[in-house]
Amino acid sequence: MLEVLATGPLATVQDLGRPGLADIGVGPSGAADRGALRLANRLLGNDEGAAAVEVTFGGLELRAHRAVTVAVTGAPCPVAVDGRSAAVNAPVRLAAGARLRLGTPGTGLRSYLAVRGGLDVEPVLGSRATDVLAGLGPDPLAPGTWLPVGPPPERFPVVDVAPVPAHPAGELVLRVHPGPRDDWFTEDALRALLTSRYEVTADCDRVGMKLAGPELPRRRTDELPSEGMVSGALQVPPSSRPTLFLADHPVTGGYPVIAVVTAADVDKAAQAPPGQRIRFRAASTRRTA
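For the protein, the count of helices and strands is three helices and 20 strands. For a compact globule of 289 residues, the expected C-alpha radius of gyration is about 19 Å, and the protein comes in at 20 Å, within 12% of that figure. Projecting the C-alpha coordinates of the protein onto the three principal axes gives extents of approximately 60 × 40 × 30 Å. The burial tally for the protein puts 49% of its 289 residues in the buried class.

Next comes the structure, spelled out in structure tokens:
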């Protein structure tokens with residue numbers, strides 16, 4: 001088992017979530033940066049969806065109570081084993097009794113710690129993911145939490161280190177599909193979204209992030225009945241400034257969505273810390289249903 005000694009701002013157990021349950025009011029949740037979770041598991045020979053720890057802005061410290069192999073991916077951060085530096089994006093061996101600490105990432109926001117065998121916490125509705133909005137899954141980690149590790153897979157890691165491009169420290173470009181409610185906004189609003197710079201505010205978490213930047217005025221001012229929401233949706237509340245939904249977004253929403261970030265770029269958005277500058281670019285002129 002792994003013993004949690006410190007957590008930093010937020011550390012949760014995440015896998016690939018609970019897809020397909022929106023009809024009963026349950027969102028998908030799961031890792032905010034799904035690509036980083038998959039990579040961490042591949043480096044260890046795990047199934048890509050095995051449960052791991054999502055660490056927000058570093059600070060996680062664990063003690064291994066038996067020898068295990070781990071991998072850290074996502075936002076690159078200083079990794080130390082008993083005070084000695086270890087690599088990111090690579091398998092790292094922990095001896096029984098070893099202490100592992102993740103420092104603050106220089107770029108990006110969320111790092112992932114996977115362990116060979118996966119975290120064997122109790123699943124809820126088929127997933128071990130912590131949904132902070134719905135309160136499903138295991139509680140956020142706290143000092144004194146014990147994390148059981150599952151049996152190691154039969155296959156062995158075959159990669160020493162994965163070449164991963166650095167997270168952008170400057171401006172982040174995210175591709176979007178217009179709609180489904182872009183017709184509720186003026187032409188100037190969509191033009192502003194696709195030509196202006198926005199900035200991630202301090203009001204951000206696993207549910208989503210509020211963005212500071214030009215207003216997106218509406219053409220229609222009547223009420224919109226609640227409709228389904230997805231990760232990457234850019235919902236525009238009465239403030240006229242967009243909110244970008246992430247992994248633990250609500251299942252439905254009553255404000256119009258002007259555009260949706262492409263699935264491939266949602267992982268990038270999940271790594272954007274407060275203060276990160278963002279530009280949106282049209283991925284297609286086709287509406288998103």
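Before going further, it helps to spend a moment on the sheet that holds strand β8 (residues 91-94). Two modes of strand pairing occur in sheets, parallel and antiparallel, and in both the strands are linked by backbone hydrogen bonds. The five strands are arranged β2-β3-β10-β5-β8 in an open sheet whose pairing can be described as antiparallel. Of all the strands in the sheet, just β2 (10-14) and β8 have a single pairing partner and so form its edges. In this sheet, neighbouring strand axes are inclined to one another by 25° on average, regardless of whether the strands run parallel or antiparallel. Looking at chain direction, strand β5 (residues 68-74) and strand β10 (residues 110-115) are connected through five bridges and run antiparallel. Residue pairing in the sheet places Thr73 in a bridge with Tyr112 of β10. Lying on the sheet, helix α1 (residues 34-44) is in contact with β2, β3 (52-56), β5, β8 and β10; it crosses β5 at an angle near 150°.

Next up on the list: the pattern of salt bridges. In total, this model carries 19 salt bridges according to the counting rule given. Between Glu3 and Arg63 there is a salt bridge whose closest N-O contact spans 2.9 Å. Taken together, the positions of Glu3 in strand β1 (residues 2-7) and Arg63 in strand β4 (residues 60-64) put the pair 60 residues apart, joining distant regions of the chain. Among the ionic pairs, Arg279 bridges to Glu171, the shortest N-O distance being 3.0 Å. Taken as a pair, Arg279 in strand β20 (residues 277-282) and Glu171 in strand β12 (residues 171-178) lie far apart in primary sequence, 108 residues in all. Here the salt bridges do not stand alone but share partners, grouping Glu54, Arg110, Arg206 and Asp248 into one network.

What follows covers the nonpolar core. With 28 residues, the main nonpolar core has Leu2, Val53, Leu94 and Leu147 as its most contacted residues. Once residues within four sequence positions are removed from consideration, Leu2 is found in contact with Leu62, Arg63, Ala64, Val68, Val115, Leu119, Thr145, Trp146, Leu147 and Val149. With 26 residues, the next largest nonpolar core counts Leu174, Val176, Phe185 and Ile278 among its residues.

Conventions used here
Residues numbered from 1 in each chain as written. Predicted model: local features only at pLDDT ≥ 70, side-chain atom pairs only at ≥ 80, totals over all residues. Heavy atoms only, no water. Helix = DSSP H or I, 4+ residues; strand = E, 2+ residues; numbered from the N terminus. Rg over C-alpha atoms; globule rule 2.2 N^0.38 Å. Buried < 20%, exposed > 50% of the residue type's maximum accessible area, 1.4 Å probe, protein only. Pairing = 2+ DSSP bridges. Axes fitted to C-alpha atoms, helices over the stretch in contact; angles between N-to-C directions. Contact = heavy atoms within 4.5 Å. Salt bridge = Lys/Arg side-chain N within 4 Å of Asp/Glu carboxyl O. Core = buried A, V, L, I, M, F, W, Y, C linked by side-chain atoms within 4.5 Å.

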